[in-house]
Amino acid sequence: MVYSRYRYIESSADVVTSNDVQYKEAFRARFNADAKKRYTLHVGFFSGSSFTSTWNYTGLGINDADYHNYHVKQLFVAAAPVAGLELQAGGLYIIRGESTDQTSYDEDGYLVGERVSLRRPKQLYLDELSVTRAALGGPDAQGRWGTSSTPSLFDRWDGLGHQQYTQLLAAKRFTPIVATSVDYTRASGVDTVRAAVSLRFKPHALLSSVRGELYRRVNGVTAGGFAVTVEKTAAKGLRLQGGYATIDERYGNLNADRTQRGKRLFATANIVIRGALSASLFATRAFDSPFAVSNRTRFDAVIQYDVLAALRSTGKF
């Protein structure tokens, strides 16, 4: 996938921190060791310099260009020796169930560790039960783990010996309409419980889907928050979303950089232009709060091109 976007951000202090054109490349690959794809190697290579960003500046705007930020952020082996059981080890993606990165961790985030996933609904009732033990983020200058500025996996391999992240996630689809998930996460000694439910309706319904998600931090500085998102496929190739989110002051800024913290409204439009070429618009506005908000106002206009989809459309791949 290749992307370009215009981004505008203004903080609660009335400071414009971004008024720029950026670009992004995202490459994901899976290499199969056997014909049944039971043993695989996964690679994620991305632009971007942090846990919450895969974007680089072009130099068009108020920030300087940064063309050198390209990193292998994920690299792991996966084994499925029997149906319904998968084992993963290495630099992993974060899983969220029905939660999104608004109340969980940013979609660009990364782990180093191990995961066991069971998908045996006939035996377990649950559609998925996953346990992850890993190091979240990367080390800071003092060697403390959990920071956001170490994107390269090759600077984070030591996380295998400094694991401070544990997640237990359960997911269940009750009907074609209703899907849910619950997860318990411990990160650097802080325990958080998350739950989400999504409702997906038939094409002729007033709304295409509704998603509700919430979290509660149960130790340390206890607090909670939630997000509600509604979606409507308005026409062929046009999908609209909107909603409300509230994220507490001490969440930690490792969730979606579009959301971060505070109470806010948001809206998104996704438009298929032609074939593998599409565009999206995003806008958000946070309400006044007693603490600083880095993105009180934000607007994104994105163009993206799915290279793989374009290759497949030729019929040769």
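For the structure itself, consult the block above.
These remarks concern the structure in this document. The shown structure was predicted, so the numbers you read here are calculated from the model rather than taken from an experiment.

### Some remarks on the pairing of strand β5 (residues 70-79)
Next up, step 1: Most of β5 sits out of view: seven of its 10 residues are buried.
Next up, step 2: Sheet topology places strand β3 (residues 39-47) next to β5; nine bridges connect them, and they run antiparallel. Bridge assignment links T40 to a residue of β5, and that residue is A78.
Next up, step 3: Here β5 runs beside strand β6 (residues 85-92); their pairing, made up of five bridges, is antiparallel. For A78, the partnering residue across the bridge sits in β6 and is Q88.
Next up, step 4: Joining the antiparallel neighbours β5 and β6 is a turn of five residues, in which G84 adopts a positive phi near 90°.

### As for the pairing of strand β1 (residues 2-10)
Next up, step 1: The pairing of β1 with strand β19 (residues 297-305) spans nine bridges and is classified as antiparallel. In the strand pairing of β19, R7 is matched with D300.
Next up, step 2: Here β1 pairs with strand β2 (residues 16-32) via nine bridges, running antiparallel. By the bridge assignment for β2, R5 is matched with Q22.

### What to know about the layout of surface pockets
Next up, step 1: Quantified by volume, the second largest pocket comes out at close to 390 Å³.
Next up, step 2: For the second largest pocket, the lining is made up of 19 residues, of which Y105, A187, V190, Y251 and G252 are closest to its centre.
Next up, step 3: Elements with a minimum of two residues in the lining of the second largest pocket: β10 (145-147), β13 (190-200) and β14 (209-217).
Next up, step 4: With three residues, the top contributor of residues to the lining of the second largest pocket is β13.
Next up, step 5: Residues of the lining of the second largest pocket, tallied by class, amount to nine nonpolar, seven polar and three charged.

### Section: the environment of R119
Next up, step 1: Here R119 lies in the loop between β7 (111-118) and α1 (121-124).
Next up, step 2: Among the residues examined, R119 registers a relative accessible area of 37% and is labelled partly exposed.
Next up, step 3: Here the alpha-carbon distance between R119 and F266, two residues 147 residues apart in the chain, equals 34 Å.
Next up, step 4: If near-sequence neighbours (up to four positions away) are discounted, R119 is found in contact with G84, E86, D127 and E128.
Next up, step 5: Polar contacts involving the side chain of R119 include one to the side chain of E86, which spans 3.2 Å.

### Description of the packing of aromatic side chains
Next up, step 1: With the rule as written, the count across this model stands at 10 aromatic pairs.
Next up, step 2: Centre to centre, the rings of F51 and Y105 are 6.3 Å apart; their planes meet at 80°, and the pair counts as edge-to-face. Remark: Y105 occurs in the loop between β6 and β7 and F51 occurs in the loop between β3 and β4 (56-61); sequence separation between them is 54 residues.
Next up, step 3: Using a relative accessible area of 0% as the deciding quantity, one classes F51 as buried.

Calculation rules
- Residues numbered from 1 in each chain as written.
- Predicted model: local features only at pLDDT ≥ 70, side-chain atom pairs only at ≥ 80, totals over all residues.
- Heavy atoms only, no water.
- Buried < 20%, exposed > 50% of the residue type's maximum accessible area, 1.4 Å probe, protein only.
- Helix = DSSP H or I, 4+ residues; strand = E, 2+ residues; numbered from the N terminus.
- Pairing = 2+ DSSP bridges.
- 1 Å grid on protein atoms, 1.4 Å probe; cavity = no way out; pocket = protein on both sides within 12 Å on 5 of 7 lines; lining within 4 Å.
- Points joined across faces, edges and corners; volume = space filled by probe spheres on them.
- Nonpolar A, V, L, I, M, F, W, Y, C, P; charged D, E, K, R; others polar.
- Contact = heavy atoms within 4.5 Å.
- Polar contact = N/O pair within 3.5 Å; in protein donor to acceptor, adjacent residues only side chain to side chain.
- Phe/Tyr/Trp six-rings, centres within 6.5 Å; stacked < 30°, edge-to-face > 60°.

Just distances and angles here, no functional claims.
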